[in-house]
Amino acid sequence: YSSDGSLIAVGGRAGNVLLFPANDLSSPRFESSRHDSAVTDVCFSTDSKQLTIAWDDHTIQLLSVDTGEVTDELPATDDTPLSMAYCPDGSCLIVGTQAGFLHFYSMKTRQRFADLKAHSGLISAVAVFPDGRLLASGGQDGSLRIWDVATREIVTMLSIAPPSNRYFGITVSADGKTVASAGV
């Protein structure tokens, strides 16, 4: 969902992304397709003006929600991007990858400014706290880790047993006091 709740976007392995008005799922506002790659994640910019799409060919594209046209492409990741979250002020995008890295992109310069080996395996979920100071990440290694965004140092780690379990979704409450996760 967009931050204002008015739009919903879905992407698929067939390489298509659909954008719907949240109050009318009968026909999409637009469809964007790339048949050479599968969608691995979609998320809206904090102002809901752009849709960010991660592809399994290591690319990340920005689309206008008004026109459905690609407005920009971020420098490719070294491996497949799987999860994304914007800082609340929209200044950065954080991308979790298949190899366990968190990549930090400046949305002003559209360049990657930091990389962090955050997990031993894929990162399938990321969420930034409402104040923008902390980031939660979770993945295949069965750990949910809380990071300081500015220093990129770990604050705490939670594990689920057995370690073969993994996280698929993370969200943080509006007051920043609760982290909810879903996994195997």
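Definitions and cut-offs
- Residues numbered from 1 in each chain as written.
- Predicted model: local features only at pLDDT ≥ 70, side-chain atom pairs only at ≥ 80, totals over all residues.
- Heavy atoms only, no water.
- Helix = DSSP H or I, 4+ residues; strand = E, 2+ residues; numbered from the N terminus.
- Buried < 20%, exposed > 50% of the residue type's maximum accessible area, 1.4 Å probe, protein only.
- Contact = heavy atoms within 4.5 Å.
- Disulfide = S-S within 2.5 Å.
- pLDDT = per-residue confidence, 0-100.
- Pairing = 2+ DSSP bridges.
- Axes fitted to C-alpha atoms, helices over the stretch in contact; angles between N-to-C directions.

A. Expanded view of the environment of Pro75. Summarising the element assignment, Pro75 is placed in the loop between strand E7 (70-74) and strand E8 (81-86). For Pro75, a relative accessible area of 29% puts it in the partly exposed group. Along the backbone, Pro75 and Thr59 are 16 residues apart, and their C-alpha atoms lie at a distance of 7.1 Å. Ignoring any residue separated from it by four or fewer positions in sequence, one finds Pro75 in contact with Tyr105, Arg110 and Gln111.

B. Up close: the state of the cysteines. Enumeration according to the criterion identifies one disulfide in this entry. Here Cys87 pairs with Cys92 through a disulfide, and the sulfurs are 2.2 Å apart. Assigned by exposure class, Cys87 and Cys92 land together as buried.

C. Examining the confidence of the model for the chain more closely. Per-residue confidence for the chain averages 93 on the pLDDT scale, and 97% of its residues sit at or above 70. When pLDDT is averaged over each element of the chain, strand E9 (residues 92-97) comes out on top at 98 and strand E17 (residues 179-183) at the bottom at 87.

D. A look at the pairing of E8. Of all six residues that make up E8, six are buried, and the element is covered over most of its length. Between E8 and E9, which follow one another and run antiparallel, lie five residues, and Gly90 among them has a positive phi close to 80°.

E. Spatial organisation of the sheet that holds strand E5 (residues 50-55). Within the open sheet, the four strands sit side by side as E4-E5-E6-E7. Their pairing is antiparallel. Edge positions in the sheet fall to strand E4 (39-44) and E7, since each of these pairs with one other strand and no more. Across the sheet, the mean angle from the axis of one strand to that of its neighbour is 20°, orientation sign disregarded. Examined bridge by bridge, strand E6 (residues 60-64) and E7 share four bridges and lie antiparallel to one another. Each bridged residue has a counterpart across the sheet, and for Leu63 the counterpart in E7 is Val70.

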